[in-house]
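Structure at a glance
One letter stands for each residue in the lines below.
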Amino acid sequence: MELRSVEELMDLLYACRGERYAADRGGAVDLHGHALRTAALLRRRRPADKELQVAGLVSPVGRLLWPGDPAVRTADAVRPLLGTRVARLLRRHAHPDAWAHDDDLLSLRQADEEARTTVFDAGVLEDWRTVLELTAARNARMGAVD
């Protein structure tokens, strides 16, 4: 599945509400809340890096798609909409050997881990619509140049 619009992506992110998965460490994690907390933590730490924030936000959607590796599913689904950097971050996020060599992946992993154990008001999904639209528009412009 390839996501072609921010609206399709928002629908998938809303579908994560109430969906839980067993985390490697700790108990089950609510996908929706975890995604919002991860993105919020990345926004605080790296406010100018919208693509990194978006990668943290959209990481759970692969768990709702076809069978296979969730990281690969998510990366493949968002690449046409959000671009190759977001897709690369999502795909490599699942590989611990890559974290030590990439500050972006390390930041993503740290926010992901912290979002599993820290509970705070991370806002609502609608707060992220503009960031998703801007990222998609930037990717569309860059795709036109390629």
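Refer to the structure printed above.
In what follows, the accompanying structure is described.

Basis of the calculations
Residues numbered from 1 in each chain as written. Predicted model: local features only at pLDDT ≥ 70, side-chain atom pairs only at ≥ 80, totals over all residues. Heavy atoms only, no water. Helix = DSSP H or I, 4+ residues; strand = E, 2+ residues; numbered from the N terminus. Rg over C-alpha atoms; globule rule 2.2 N^0.38 Å. Contact = heavy atoms within 4.5 Å. Areas by Shrake-Rupley, 256 points an atom, 1.4 Å probe, with all protein chains shown as cover. Lys, Arg positive; Asp, Glu negative; His and termini not counted. Charge placed at Lys NZ, Arg CZ, Asp CG, Glu CD. Buried < 20%, exposed > 50% of the residue type's maximum accessible area, 1.4 Å probe, protein only. Polar contact = N/O pair within 3.5 Å; in protein donor to acceptor, adjacent residues only side chain to side chain. Salt bridge = Lys/Arg side-chain N within 4 Å of Asp/Glu carboxyl O. Phe/Tyr/Trp six-rings, centres within 6.5 Å; stacked < 30°, edge-to-face > 60°. Lys NZ or Arg CZ within 6 Å of the ring centre and 35° of its normal. Core = buried A, V, L, I, M, F, W, Y, C linked by side-chain atoms within 4.5 Å. Axes fitted to C-alpha atoms, helices over the stretch in contact; angles between N-to-C directions. Left-handed = near helix turned anticlockwise from the far one by under 90°. Nonpolar A, V, L, I, M, F, W, Y, C, P; charged D, E, K, R; others polar.

1. A look at the overall build of the protein chain
From N to C terminus, the protein chain includes eight helices and two strands. In terms of C-alpha radius of gyration, the protein chain reaches 14 Å, essentially the compact-globule figure of 15 Å for 146 residues. Taken along its principal axes, the extent of the C-alpha atoms in the protein chain is 45 × 35 × 30 Å. Taking all contacts inside the protein chain whose residues are at least 6 apart in sequence as the whole, residues at least 24 apart take part in 62%. Total accessible area on the protein chain stands at roughly 7,400 Å², and carbon and sulfur atoms take up 52% of it. Each charge class in the protein chain can be summarised by its mean position, and for the 22 positive and 23 negative side chains these summaries are 2 Å apart.

2. Some points on the environment of Arg116
Position of Arg116 among the secondary structure elements: in helix H7 (residues 103-117). Note on Arg116: relative accessible area 19%, which makes it buried. In this structure, the C-alpha to C-alpha distance between Arg116 and His34, residues 82 residues apart in sequence, is 6.4 Å. A polar contact of 2.8 Å, which involves the side chain of Arg116, links it to the side chain of Asp112.

3. Focus on the pattern of salt bridges
Applying the stated criterion to the full structure yields 17 salt bridges. The salt bridge involving Glu126 is made with Arg129; its shortest N-O contact spans 2.3 Å. Each of Arg46, Asp49, Glu51, Arg85, Asp104 and Arg138 takes part in salt bridges that share partners, so that together they form one network.

4. A short note on the packing of aromatic side chains
Applying the stated criterion across every chain yields a total of zero aromatic pairs. Sitting above the plane of the Trp128 ring, Arg43 keeps its charged end 3.8 Å from the centroid. Residue placement shows Arg44 over the ring face of Phe120; its charged tip is 4.6 Å from the ring centre.

5. As for the nonpolar core
The biggest cluster of nonpolar side chains holds 38 residues, and the ones touching the most others in it are Leu9, Leu13, Leu57, Val58, Val78, Leu82 and Leu132. Counting only elements with at least two residues in this core, the list comes to helix H1 (6-15), helix H2 (31-45), helix H3 (50-58), helix H4 (70-82), helix H5 (84-93), H7 and helix H8 (129-145). Residue contributions to this core peak at six residues, all from H2. Non-local contacts of Leu82, meaning those with residues more than four positions away in its chain, are made with Leu9, Val54, Val58, Leu132, Thr135, Ala136 and Asn139.

6. What to know about the packing of H5 against H7
Orientation of H5 relative to H7, taken along the N-to-C sense of each, is 60 degrees, at an axis distance of 10 Å. The way H5 lies across H7 gives a crossing that is right-handed. Mapping the contact onto sequence places Arg85, Arg88, Leu89, Arg92 and His93 in H5 and Asp104, Leu105, Leu108, Arg109 and Asp112 in H7. Classifying every residue of the contact of H5 with H7 by side-chain character gives three nonpolar, one polar and six charged.

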